[in-house]
Amino acid sequence: MTEIAVEANIPPAQLPNIHVAVLGAGKMGGILLQAFLKQNLFGAEQIHATVAHAERAIALSSQWGVDVSTDNLEAARQSDLILVGVKPFQVPDLIVAIKPVLTPAKTIVSFAASVKTRAIEDAAGMEIGVIRAMPNTPSALGAGAAGLCRGRFVSPAQMELAQRIFETVGRTVIVDEKHMDAVTGLSASGPAYIYIVIEALAEAGVKVGLPRDTATQLAAQTVFGAGKMVLETGYHPALLKDAVTTPAGCTVDGILELEEGGLRVTLIKAVMRATERARALASG
C-alpha cells in the first residue's frame with residue numbers, strides 16, 4: 001500500500017509522449033539521464049539507455065530505475081529522440097547499426113566532440129533531424145554551458161526540444177556549426193582554465209598567510225560570484241571590473257600585475273589553441 005501511495009504522488013512527466021534513448025550512457029550521457037529524472041522531464045519508463053557491458057547495464061538499470069541494456073538497435077527502435085554519447089570514432093558505426101530503425105520522424109542529438117551533423121546525416125542515409133551539442137562537465141551540478149547547432153533537416157520544434165534537454169543541466173546557446181569548434185575551445189575546455197585560475201588564487205592566498213582550505217573556498221566562491229554577476233546583471237565584464245577598481249585602491253595594483261604577466265593574452269591563446277585542436281580533430 002505504501003509503494004502505491006508513493007507512486008501516486010509522482011507528478012506526470014513534462015514530456016510524456018516522447019521516448020528517449022541515451023546511446024552510450026557514460027559520463028555526459030549519465031549526467032543528462034539523471035537530470036531528466038530529477039527534473040521529471042521524462043518518466044523512467046520513457047528512457048532507454050545503453051552501455052558497452054552487460055554487467056554495467058544491470059547495475060545502472062538498478063541504480064537509475066530505467067531500461068539499460070547493451071542493445072543500441074532496440075533502444076533506438078523504441079525512441080523518438082536518440083542521444084548519441086559514444087566516443088567520436090564510434091559514431092559512424094553506431095548510426096549504421098541503428099539505421100534499420102531510423103525514420104525522418106526521429107531526432108538525433110549528438111554530443112560526440114567534433115563529429116559534424118553532415119557525417120551523421122550521411123551515415124543515416126535519409127533526411128533526418130540531427131543536432132550537434134557541446135556541453136561541459138559542470139553540467140553534473142546543473143551549472144553547465146552547451147553550444148547547439150542544427151543540421152540541414154532540423155525543424156524549429158526539434159531545436160526547441162534540444163534546448164530544453166540541455167537546459168536541464170545549465171545554459172544553452174545556439175550557434176552555426178562553423179562555430180562549434182570555438183565552443184569546444186571556450187566552454188568545453190574552459191573549466192580546466194578556470195580551475196587553474198582558482199588554484200593560482202588559492203596559492204596566492206596561502207602565500208599571504210591564509211589557511212589553504214580558506215584560501216581555496218574564497219577563490220572558488222569569488223570566481224562563482226563573478227560569473228553570476230556577469231550572467232545575471234547583463235553588464236559587460238569590463239564595466240563590472242571598473243566597479244571593483246576604486247581610485248588608488250588595492251585592486252588596480254593587482255590588475256597591473258595581471259596585465260604585466262600577460263594573463264589576458266594567455267587565456268586568449270589557450271582558447272585559440274584548443275579551438276585549432278578541435279578543428280583538426282573534426283577535419284581528421
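First things first, this report covers the structure right here in the doc. (Residues numbered from 1 in each chain as written. Predicted model: local features only at pLDDT ≥ 70, side-chain atom pairs only at ≥ 80, totals over all residues. Heavy atoms only, no water.)

### Quick look at the nonpolar core
The test is simple: Put simply, a nonpolar core is a bunch of buried Ala, Val, Leu, Ile, Met, Phe, Trp, Tyr and Cys residues held in one set by side-chain atoms that sit within 4.5 Å of each other. Burial classes follow relative accessibility: with a 1.4 Å probe on protein chains only, a residue under 20% of its type's maximum area counts as buried, one over 50% as exposed, and anything between as partly exposed. Strands are runs of DSSP state E lasting at least 2 residues, helices are runs of H or I lasting at least 4, and numbering of each runs from the N terminus. Whether two residues touch is decided by their heavy atoms; if any such pair falls within 4.5 Å, the residues are in contact.
Core analysis: the biggest nonpolar cluster contains 36 residues, and Leu32, Phe42, Leu81, Leu83 and Phe166 have the highest contact counts within it. Taken together, the elements giving at least two residues each to this core come down to strand E1 (20–23), helix H2 (27–38), strand E2 (47–50), helix H3 (54–64), strand E4 (81–84), strand E6 (129–134), strand E7 (144–150) and helix H7 (156–166). Here this core gets six residues from one element, more than from any other, and that element is H2. Excluding anything up to four places from it in sequence, Phe42 contacts Ala13, Leu15, Ile18, Val20, Phe36, Leu37, Ile47 and Leu81. Counting 21 residues, the second largest nonpolar core, distinct from the first, contains Ala76, Val84, Val86 and Val115.

### With respect to the pairing of strand E5 (residues 107–110)
So the rule is basically this: Two strands qualify as a pair provided DSSP detects at least 2 bridges between them. Here a crossover is taken to be right-handed if, once the strands point away from the viewer, the path from the first strand over the helix to the second is traced clockwise.
Neither face of E5 is open: one carries Thr107 and Val109, the other Ile108 and Ser110, and all of them are buried. Here E4 runs beside E5; their pairing, made up of four bridges, is parallel. Considered in E5, the bridge of Leu81 is made with Thr107. Taken together, E4, helix H5 (residues 91–98) and E5 constitute a β-α-β crossover, and its handedness is right-handed. Sheet topology places E5 next to E6; four bridges connect them, and they run parallel. Each residue of the ladder has a partner; that of Val109, found in E6, is Ile131.

### Considerations on unusual backbone geometry
Positive phi, close to 70°, is recorded for Ser114, a residue that is not glycine. With respect to the helices and strands, the residue Ser114 is situated in the loop between E5 and helix H6 (117–124). In this structure, Ala248 is a non-glycine residue whose phi angle is positive, near 60°. Mapped onto the secondary structure, Ala248 falls in the loop between helix H11 (237–244) and helix H12 (250–261).

### Focus: the pattern of salt bridges
Applied cut-off: By definition, a salt bridge exists where a carboxyl oxygen of Asp or Glu is found within 4 Å of a side-chain nitrogen of Lys or Arg.
The full count for this structure, using the stated rule, is nine salt bridges. For Arg132, the salt bridge goes to Glu177, with nearest N and O atoms at 3.0 Å. Of this pair, Arg132 sits in strand E6 while Glu177 sits in the loop between strand E8 (170–174) and helix H8 (180–188), and the two are 45 residues apart along the sequence. Overall, the relative accessible area of 3% leaves Arg132 in the buried class. Classification of Glu177 as partly exposed rests on a relative accessible area of 23%. In this structure, Asp242 engages Lys241 in a salt bridge whose closest nitrogen and oxygen atoms are separated by 3.9 Å.

### Re the sheet that holds E6
Applied cut-off: Every axis corresponds to a line fitted to the C-alpha atoms, with the helix fit spanning only the stretch in contact, and the corresponding angles, defined between N-to-C directions, vary from 0 to 180 degrees.
Pairing is mixed across the open sheet formed by eight strands, whose spatial order is E3-E2-E1-E4-E5-E6-E7-E8. Both outer strands of the open sheet, strand E3 (67–69) and E8, are each paired with one neighbouring strand and no more. Averaged over all neighbouring strand pairs, the angle between strand axes comes to 20°, with direction disregarded. Sitting on the sheet, H7 touches E4, E5, E6, E7 and E8, and the angle it makes with E7 is about 165°.

Shape is all these values report; function is a separate question.
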